[in-house]
Structure formats: structure tokens, C-alpha cells
Amino acid sequence: MPIEDRAILREALRSPRILLIGPYDPLCGEYTFLAPPLGVWRLAGVLESAGVEVKVFDPNCCAGPPGRALEREILGCPWDVIGVSTTGMTLRFDLELAHLARRLAPRALLVAGGMEATFRPELMFRLGPFDCVVLGEGERPLLELVRRLRSGESLRGVAGTAQRAADGECLRMPQQALDRAELRDAIFRTPYEKMPYSAYWERLEAAYRVGALPTKAAREARLAEIRSVRLITLNYCPMGCTFCSSTNFLHEAQGSVASIARLDAEECVQMIQRIVGAHPRVRTVIFQDDIFVFTKDRRILPLCEAIIAAKESGTLPRELQFISTNRIDAMSPERLAAMRQAGFRVLGFGIENFSRNVLGEFNKAHIYSHIRPTLTSALQLGITPFLDLILSSPRATLADVADTLREAYHWLRQGCEVGMYPYVIPFSGAAMSADPALRAFTVYERRQVAGTEITWDQPSKILPMDPSVRETILRIERDFEESLLQLQPRAAHLPSRLRSLLWIQSSLQAMAEQGLPIADDEEVRREFTARLPQPKRAAAAPRVATA
């Protein structure tokens, strides 16, 4: 057989090559976690285990401009499938890379995946050059596409995808969510050894200016935050908060209610040990589950015992710490004490608001009575609670906003960390986004895909119905953004603890004018200044003797 024919045969028989592109956040963590895209890497590990040649392109951590870096990647070898992960917040940037990929690889199968693709496949086909859209978890659909590419079968009709029919209609083919064994296997195949956490840590250390912090204690505390690795042990959150889309992600893909699946305690410890082995400099493991501890939870106490035993035996570093997000009504003194002993230093709580009325609107009224006692107990044990807050809701009153601002300031001063948003963001798939009564109060922003003439109106915020609340929230937002611009030369990156204080500071005058004082202006300014990173003072220049 001639050499040319043998080369053609090898090319025909080779395994498909797949390039997976993570969500693109050019604002460096404004819309995403500044960390490797965990779901994309999990897909890569599953595909590699099936013998597929696969590579992850991370536009948030590449050499040079992402467009140029992607061009080098695509032109470097022929790709059979290019997958683009999408989120609502990064969609215009994700589409920019998708159109670039299509121009550079016109024969590749271009696939969209992720949250936004699952909830709005029709939009993906209208705005992007995609051949198909993956609905929900990508493991099964991509493995089936690989099987069909290898066998030469038609790529149409794959369960877990959406495709365009001949008449232009979008055809959805649902798939069952991964069961517990499949989820475990997918998580265990995540190639942590290949994930560029060190590169992210270096970027974050520069952004936080860690080397310029004045004391070793401050530097060590910041490094414990930065040198973290994320681990997902749960398939989805079942709580049904009205502002949230993740609770409906697998339901949308399946066409019915998906079953909950997660790792058990022993499997969690095995994954932690793998992470430490892959990244020995890690200081903190972040459990990225939307809910890590449930009210009727049989895993948390055995897991804490297993972590403590692993530290005592030397299979985990004694200084290793953990962060998780939990239901605040799932915490008890026993669980909090066990988690503290195991090394959980920060516990995230999606409190969302301190007003009972707003919590009812968010489908979270049941947590109200648990907030104060749980936060108090956690702080007494030396655990730092991290509170996610939304200052307003569609039906909020000014009194509701004032309650949340005052309580947020109180708990910040007690030692809590707080992340704040001024209003509900209308994520695709959330109940509030689909509520027709809220459409008149939903603000849209004109978006354009760079390098194209493609534009669309994307929902960006759901504002309060009450005109006075709406005007006040927008004024607070304007003041916050102006203050942020003024601070940029002094602080390259403001963590949540400082941003939340800045939100409170930005609210003081607007709320006082409404007869709802929040806090003393000078006191808030002192709190903010005290927490603002102070660079090391330069050493005094030596005196020069003069005649």
C-alpha cells in the first residue's frame, strides 16, 4: 500500500479529536470563578478514559489574547468536534469564540453546552454557528457522538442534544441525568493533575498584591484563600429558589424531575487525597456544591471523622482547610463543631436577604428563624460565615432593603464575609425569569458578538416594582460603580468583604433621604479603610552626610 494511502487510512481510523472551550470571562472573575472550568475538565477526563484525544482550551488562562491563542490551538491540528461552554453572564464572549472557531474550522462539528445552552438552545442556533446543542450533562451525549463518528453513523437524534430540523425548528431529545454510579465515575475521572491551578494562583496573587501586604499573617491568610482547588460532589440543588436556575438545569435536560446523586464520605476523602497529590501547594479545598450539607444529612459527620483520621494518619496535611456552601437550616451545634474540627474555616450560606417578606418571595421563608442562632454559633467556634445577599427583590419595600443593609453591616462587623448584589439577575431557567408579571420590570441590554453584526437583547436585571425602591436601588448601584472606579488605582482587586462594605457605604445617603438610616457614615468609612489592603511601606532612604 502506498504511503499516501496508509496515511489516509490512519486518518480515517483515528479516534476523533475534541477541543473543549471553557466559558470566557474577559473581566477576570467578574462573571465566573477565577479557576479552571471544572465541568469542562470533568468532560475531558471522561472522554480521555474512552480513548478520545481531547484538549481543554481555557480562554481565562492562556498565553496572549484569547482569540489569538484559540486560533493557534485550532490551526495546530484538525479538530473533529469543538465544544463551547456557555453561561448567561459570559454568553457574548462565548459566542465570539464560537464564531472564530467556525471560521477557522469550517468542517468541525461545533457543539454548544452549559447552562445557557440547555435552557435556550433556540437562542444558540439563532446567535451561534452551532451544529448541535448538548442539554444538561455532557458525558453521555459526547460519548455517543464519538461512537457515531468512529462508526460513520448519522449524528442526528442523539439523546441529550437539541438539533435543527429541516424546517428550522429546534428539536430537543431529552436524556436522563447521570445516576450515582455514573456521577461518581465522572468525578473520579476529572484530570486534576492536568488542571493549571498554579497558573491561576499566580494571577490571583498578583491581583491581590499578596507580596505587598504588610504582615506575614495577612499574606498567609490571603494565600489560604487563593491556593484553593474546587471539588463538586453533588449533581444539583433541589431547593427551588425562585431566582435560581441551577435547580432546574437537569430537570430541563431530562424533561422531568431528576434524582439527586452525590459522593459518599469515603469517596470525598479519596478525591481530596487526589487533589492534594496533584497540587501539593493547595491550602484549601472548596466544595463547589450548591448545597453541601442537607437538613437530613447522613454524610457530614462521617466525612468530618474521616478527614480528621486522614490528617492524623498523615494521608492529608493537618493544615488543609475547607470551604463549603450549606443550608443554614441544616446546621446544628454538633455539625458545626465537627466541621470546625475537620478544618472547615468558611461556611457559605445562601441567606439572600434578611427580610422575612423577601425570603418568602425567594421560596426561603423557612430559613428565617435559623439565621441569627447559626451565625452566632459559627462565629463562636471560629468559623467564618460567608453570606450571599440580594439587596432587593421584585416585590421588596424600602423597609426590606433597609433591614438587609443593617443586618449585613452588623454581621460584617461581627466577622462574617458578605457578597452582595443589588437586584435579582434574570438567569435563564429561573422561575422569576419566566414570571410574566415581572416582564415589565426586567431590564434588557443590547449585546453584540464582537467581530460580527449579530445582536440581541439580553435580560440583565429584574428591578423592584415599587418606583421608590427601584429608583433607590439604581442610585445605590450608580454610587457604588463610581466609588469602584475611584478605588481602582489603589486596589487592583477588591474581595467580597470590601465590595459589600462599599455597597453599604454607597447606600447611606440614599436610604437616609428615605428616612431609613443604615449606619454612621464615618464609622462605615473607617471600617472600609481598615480593611483595604495597605501596601508595605518603602524602606526609608539612607541619609547622606553633607559637608
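The following refers to the structure shown.

Parameters and conventions
- Residues numbered from 1 in each chain as written.
- Predicted model: local features only at pLDDT ≥ 70, side-chain atom pairs only at ≥ 80, totals over all residues.
- Heavy atoms only, no water.
- Helix = DSSP H or I, 4+ residues; strand = E, 2+ residues; numbered from the N terminus.
- Buried < 20%, exposed > 50% of the residue type's maximum accessible area, 1.4 Å probe, protein only.
- Contact = heavy atoms within 4.5 Å.
- Areas by Shrake-Rupley, 256 points an atom, 1.4 Å probe, with all protein chains shown as cover.
- Phe/Tyr/Trp six-rings, centres within 6.5 Å; stacked < 30°, edge-to-face > 60°.
- Polar contact = N/O pair within 3.5 Å; in protein donor to acceptor, adjacent residues only side chain to side chain.
- Pairing = 2+ DSSP bridges.
- Axes fitted to C-alpha atoms, helices over the stretch in contact; angles between N-to-C directions.
- Disulfide = S-S within 2.5 Å.

### Points about the overall build of the chain
Right, so step 1: Broken down by element type, the chain carries 20 helices and 15 strands.
Right, so step 2: For the chain, with 547 residues in total, the buried portion stands at 52%.
Right, so step 3: Considering only residue pairs separated by 6 or more positions, the chain has 72% of its internal contacts joining residues 24 or more positions apart.
Right, so step 4: Carbon and sulfur atoms make up 52% of the accessible area of the chain, which totals about 24,600 Å².

### Focus on the packing of aromatic side chains
Right, so step 1: Under the counting rule described, the total for this entry stands at 10 aromatic pairs.
Right, so step 2: Between the aromatic rings of tyrosine 197 and tryptophan 201, the centroid separation amounts to 6.2 Å while the plane-to-plane angle is 40°, which identifies the pairing as tilted. With tyrosine 197 and tryptophan 201 both in helix α9 (residues 197-208) and 4 residues apart, this pair spans about one turn of that helix. An identical accessibility class is assigned to tyrosine 197 and tryptophan 201; each is buried.
Right, so step 3: Measuring from ring centre to ring centre gives 4.2 Å for phenylalanine 287 and phenylalanine 292, while their planes differ by 25°; the resulting arrangement is stacked.
Right, so step 4: The rings of Phe287, Phe292, Phe322 and Phe344 are connected pair by pair, giving a single aromatic cluster.

### Focus on the side chain of lysine 461
Right, so step 1: Mapping lysine 461 onto the fold places it in strand β15 (residues 455-462).
Right, so step 2: Here lysine 461 falls in the buried class, since its relative accessible area comes to 13%.
Right, so step 3: A polar contact is formed between the side chain of lysine 461 and the side chain of tyrosine 423, at a distance of 3.4 Å.
Right, so step 4: Among the polar contacts made by the side chain of lysine 461, one reaches the side chain of glutamate 477 at a distance of 3.5 Å.
Right, so step 5: Excluding residues within four positions of it along the chain, lysine 461 makes contact with Tyr423, Val424, Pro426, Phe441, Thr442, Val443, Glu445, Leu474 and Glu477.

### Comments concerning the sheet that holds strand β8 (residues 228-231)
Right, so step 1: Read across the sheet, 6 strands follow the order β8-β9-β10-β11-β12-β13 without closing on themselves; strand pairing throughout is parallel. At either margin of the open sheet sits one strand with a lone partner, and together these are β8 and β13 (417-421). Within this sheet the neighbouring strands show an average axis-to-axis angle of 20°, counted without direction.
Right, so step 2: Contacting β8, β9 (284-287) and β10 (321-326), helix α12 (residues 265-278) runs over the sheet at an angle of about 145° to β8.

### As for the environment of alanine 105
Right, so step 1: With respect to the secondary-structure elements, alanine 105 resides in the loop between α4 (91-104) and β4 (109-114).
Right, so step 2: With relative accessibility at 11%, the residue alanine 105 sits in the buried group.
Right, so step 3: With 25 residues separating them along the chain, alanine 105 and aspartate 80 place their C-alpha atoms 8.8 Å apart.
Right, so step 4: Apart from residues lying up to four places away in sequence, alanine 105 is in contact with Ile74 and Ile82.

### Structural notes on the state of the cysteines
Right, so step 1: Enumeration according to the criterion identifies 0 disulfides in this entry.
Right, so step 2: Here cysteine 61 is not disulfide-linked; the sulfur of cysteine 62 is the nearest cysteine sulfur, at 7.5 Å.
Right, so step 3: Summary of cysteine pairing: cysteine 244 is not part of a disulfide, and the nearest cysteine sulfur, belonging to cysteine 241, is at 6.2 Å.

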